[in-house]
There are 2 protein chains.
Amino acid sequence: MVREKTIGRLSLYRRLLTELQGEGPKSVYSHQLAARAGVSAAQIRRDFMILGYSGSPAQGYEVAKLLDSITHFLDAPESQGAILVGVGNLGRALLAYFGTGRARLRIEAACDNDPKKIQRVIHGCHCYAMVEMPEVIRRQSIRTAIITVPAPEAQAVANDLIEAGIRGILNFAPVRLHVPEGVFVENMDMAVALEKVAFFARQHV
Amino acid sequence: MVREKTIGRLSLYRRLLTELQGEGPKSVYSHQLAARAGVSAAQIRRDFMILGYSGSPAQGYEVAKLLDSITHFLDAPESQGAILVGVGNLGRALLAYFGTGRARLRIEAACDNDPKKIQRVIHGCHCYAMVEMPEVIRRQSIRTAIITVPAPEAQAVANDLIEAGIRGILNFAPVRLHVPEGVFVENMDMAVALEKVAFFARQHV
DNA sequence: TATTCATTGTGATATTTATAACAATGTTAT
DNA sequence: ATAACATTGTTATAAATATCACAATGAATA
Ligand SMILES: NC(=O)c1ccc[n+]([C@@H]2O[C@H](COP(=O)([O-])OP(=O)(O)OC[C@H]3O[C@@H](n4cnc5c(N)ncnc54)[C@H](O)[C@@H]3O)[C@@H](O)[C@H]2O)c1
Ligand SMILES: NC(=O)c1ccc[n+]([C@@H]2O[C@H](COP(=O)([O-])OP(=O)(O)OC[C@H]3O[C@@H](n4cnc5c(N)ncnc54)[C@H](O)[C@@H]3O)[C@@H](O)[C@H]2O)c1
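About the cut-offs
Residues numbered from 1 in each chain as written. Chains lettered and ligands numbered in written order. Predicted model: local features only at pLDDT ≥ 70, side-chain atom pairs only at ≥ 80, totals over all residues. Heavy atoms only, no water. Near = heavy atom within 4 Å. Polar contact = N/O pair within 3.5 Å; in protein donor to acceptor, adjacent residues only side chain to side chain. Helix = DSSP H or I, 4+ residues; strand = E, 2+ residues; numbered from the N terminus. Contact = heavy atoms within 4.5 Å. Areas by Shrake-Rupley, 256 points an atom, 1.4 Å probe, with all protein chains shown as cover. Nonpolar A, V, L, I, M, F, W, Y, C, P; charged D, E, K, R; others polar. Buried area = accessible area lost by both parts, 1.4 Å probe. Salt bridge = Lys/Arg side-chain N within 4 Å of Asp/Glu carboxyl O. Phe/Tyr/Trp six-rings, centres within 6.5 Å; stacked < 30°, edge-to-face > 60°. Buried < 20%, exposed > 50% of the residue type's maximum accessible area, 1.4 Å probe, protein only. Axes fitted to C-alpha atoms, helices over the stretch in contact; angles between N-to-C directions. Parallel < 35°, antiparallel > 145°, perpendicular 65-115°, else oblique.

Undergrad: Could you give me a rundown of the protein's contact with DNA strand D, with the residues and numbers involved?
TA: Around DNA strand D lies a shell of 24 residues, among which A:Ser30, A:Arg46, A:Ser54, A:Gly55 and A:Tyr61 are the nearest. Backbone sugar and phosphate groups make up 64% of those atoms of DNA strand D lying within 4 Å of the protein. A:Ser54 places a polar side-chain atom, nitrogen or oxygen, 3.1 Å from a phosphate oxygen of DNA strand D. Note that a phosphate oxygen of DNA strand D is positioned 2.6 Å from one of the backbone N or O atoms of A:Gly55. Elements that contribute at least two residues to the surface near DNA strand D include exactly helix 2 (30-37) and helix 3 (41-48) of chain A together with helix 1 (4-23) and helix 3 (41-48) of chain B. The greatest single-element share of the surface near DNA strand D, amounting to four residues, is contributed by helix 3 of chain B.

Undergrad: Give a description of the environment of B:Glu108 that names residues and reports values.
TA: All names here are of chain B. When you line up the elements, Glu-108 lands in strand 4 (residues 105-112). Taking the C-alpha atoms as reference points, Glu-108 and Pro-25, 83 residues apart in sequence, are found 33 Å from one another. Those residues in contact with Glu-108 that sit more than four places away from it in its chain are Gln-80, Gly-81, Ala-82, Cys-125, Gln-140 and Ile-142.

Undergrad: So, the site of ligand 2: which residues are in play, and what are the values?
TA: B:Asn89, B:Leu90, B:Asp112, B:Lys117 and B:Val149 are the nearest of the 24 residues found near ligand 2. The environment of ligand 2 is shared, with nearby residues belonging to chains A and B. The contact in question runs from an oxygen atom of ligand 2 to an N or O atom on the backbone of B:Asn89, over 2.9 Å. Backbone polar atom of B:Leu90 to an oxygen atom of ligand 2: 2.8 Å apart, as the coordinates give it. Coverage of ligand 2 by the protein chains reaches 85% of its 820 Å² of free accessible surface. If you list the elements that add at least two residues to the shell around ligand 2, you get helix 5 (89-99) of chain A together with helix 5 (89-99) and helix 7 (151-163) of chain B. Of the residues in the shell around ligand 2, the class split is 15 nonpolar, five polar and four charged.

Undergrad: Could you give an account of the interface of chain B and chain A, with specific residues and numbers?
TA: In this assembly, 61 residues from chain B lie in contact with 61 residues from chain A. Across the chain B to chain A interface the summed buried area is about 5600 Å²; carbon plus sulfur atoms make up 68%. Where chain B meets chain A, there are eight salt bridges. Residue A:Glu186 is joined to B:Lys196 by a salt bridge in which the shortest nitrogen-to-oxygen separation is 3.5 Å. Scanning the region where chain B abuts chain A turns up 17 residue pairs in polar contact (both at pLDDT 80 or more). Contributions of two or more residues to the side of chain B that touches chain A are made by helix 1, helix 2 (30-37), helix 4 (63-74), helix 5, strand 7 (144-147), strand 8 (168-171), strand 9 (184-187) and helix 8 (190-203) of chain B. Split into classes, the residues belonging to the side of chain B that touches chain A amount to 34 nonpolar, 11 polar and 16 charged.

Undergrad: If you had to explain the packing of aromatic side chains to someone new, which residues and values would you point to?
TA: Residue and element names in this part refer to chain B. Scanning the model with the defined rule gives 14 aromatic pairs over all chains in all. Note on Phe-48 and Tyr-61: the rings are 5.1 Å apart at their centroids and 85 degrees apart in plane angle, and the pair reads as edge-to-face. Of this pair, Phe-48 sits in helix 3 while Tyr-61 is found in strand 2 (residues 61-62), placing the two residues 13 residues apart along the sequence. In terms of burial, Phe-48 and Tyr-61 fall into one category: buried. For the ring pair Phe-199 and Phe-200, a centre distance of 5.1 Å and an interplane angle of 85 degrees mean the geometry is edge-to-face. Comparing Phe-199 with Phe-200 shows no difference in burial state: the two are buried.

Undergrad: Which residues make up the packing of helix 1 (residues 4-23) of chain A against helix 2 of chain A, and what are the values?
TA: Residues and elements named next belong to chain A. Remark: helix 1 packs on helix 2, axes separated minimally by 10 Å, with the N-to-C direction vectors making an angle of 110 degrees. Here helix 1 is positioned roughly perpendicular relative to helix 2, judged by the angle of their axes. Only Leu-33, Arg-36 and Ala-37 of helix 2 make contact with helix 1, whose side of the interface consists of Leu-12, Tyr-13, Leu-16, Leu-17, Leu-20 and Glu-23. Grouping the constituent residues of the contact of helix 1 with helix 2 by class yields seven nonpolar, no polar and two charged.

Dropping the structure here:
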């Protein structure tokens, strides 16, 4: 009953609403948010049905209440952290990105099997050895992981993560992971994405 | 008539088939490829309908012919290049990734507005000044761009790229770009992706 | 040769996702 | 007070996407 696409958009709306809030407005209409999000106003209203919060036809939605509703729906009661495995080129970029100022969902720990990286702090995040990983995950109740190890290592790393209690994986390795029922995997396949863009760049002449 | 999801999967199949080819087999059944791709066998056969190449019920698909068919369908007759704008943390990681050994779709040029980066070669890719960008795009007939500049800069950069002839954008900035009809945009929104994973990590207990 | 078998290609069907349509609401202008 | 209006919430409809089902194929076996 929970639509996958809806979850992604709610996360987007939250970010846009937070930006909007900084600009002043206390309320917003669906068509205004739609313009920023690049979706239709009907899509927005439909997505909001799941929240249990209603706007008014006259004032639209109160930004603060809307943000509360989305956060209540999306987030865990206690703040949630993620662990990143593979502190290479991409892993470091992600640590820089998700480290700075995001209270919501932080990368709380990193792991690598390269002795040169272990026990060092990279972009404010401690890098543990792989043997420490299960302990870190259990201690900090982490359920979400980011995989940025080379493709041939990804499945083994995923297995270890799941064994340690991880239930959601954001996978950047260009491999389709085999995971048991109940584990959610989102693939960020950049090579596929770029080829798709190149294809459609050619279609509409 | 061309399904967006199908294009993405064809790109994935091509990569998997190339790997498979290296392992020896000259032919493959839909269910074998399906296992690697993490999709159903029926999905694969349906996707292949668009190619105009048929396998045989007895031997399955000839890997070499299948690869030819996919490449003929996906790729431009002449090889296509991409330009990357914003040589920061993420941009450099992407240059490293798309530079090494990918004949198919290379990042042929990079741009930045930071004087410290301009006219330098980063991971084998020349970094041009922004004023040179339109000239580079026209000279090398580039139609695909990757945006890795800070969010507030992304729309302006997109406008300039489109003005210069770009028709497809892979956008990493957490902003929804407004583009004219006929320009294809694929958003790689990692913050949204991570929140989605965190959400579903919590669903299946 | 006839039979068995796993597989293909594709029409039919189901599910997911997006759009359209409109009564209900409540504010504003007259 | 009332008519005009823009917007909401939700139902109805459409479009995109995925799965199912099975006749047709042809190699392998008896
Ligand atoms: N660099 C990019 O922009 C980019 C883009 C798309 C996809 N990817 C994918 O992301 C992954 C990482 O790419 P990268 O460029 O950062 O590679 P990288 O080689 O720079 O980094 C890989 C890191 O993983 C570590 N590692 C290797 N095996 C490990 C293991 N078994 N356990 C723990 N750590 C291990 C290495 O020590 C290294 O620090 C690859 O799968 C790559 O295909 C990268
Ligand atoms: N770092 C990540 O892993 C990550 C992850 C997800 C999204 N992003 C997004 O990708 C973008 C880049 O992230 P980053 O971490 O690489 O940032 P960064 O600050 O390291 O790099 C940005 C680069 O863009 C250049 N730049 C700035 N304005 C420009 C302009 N007008 N024209 C051309 N170049 C310009 C800067 O000189 C710099 O080199 C941001 O929008 C960020 O939100 C980054």
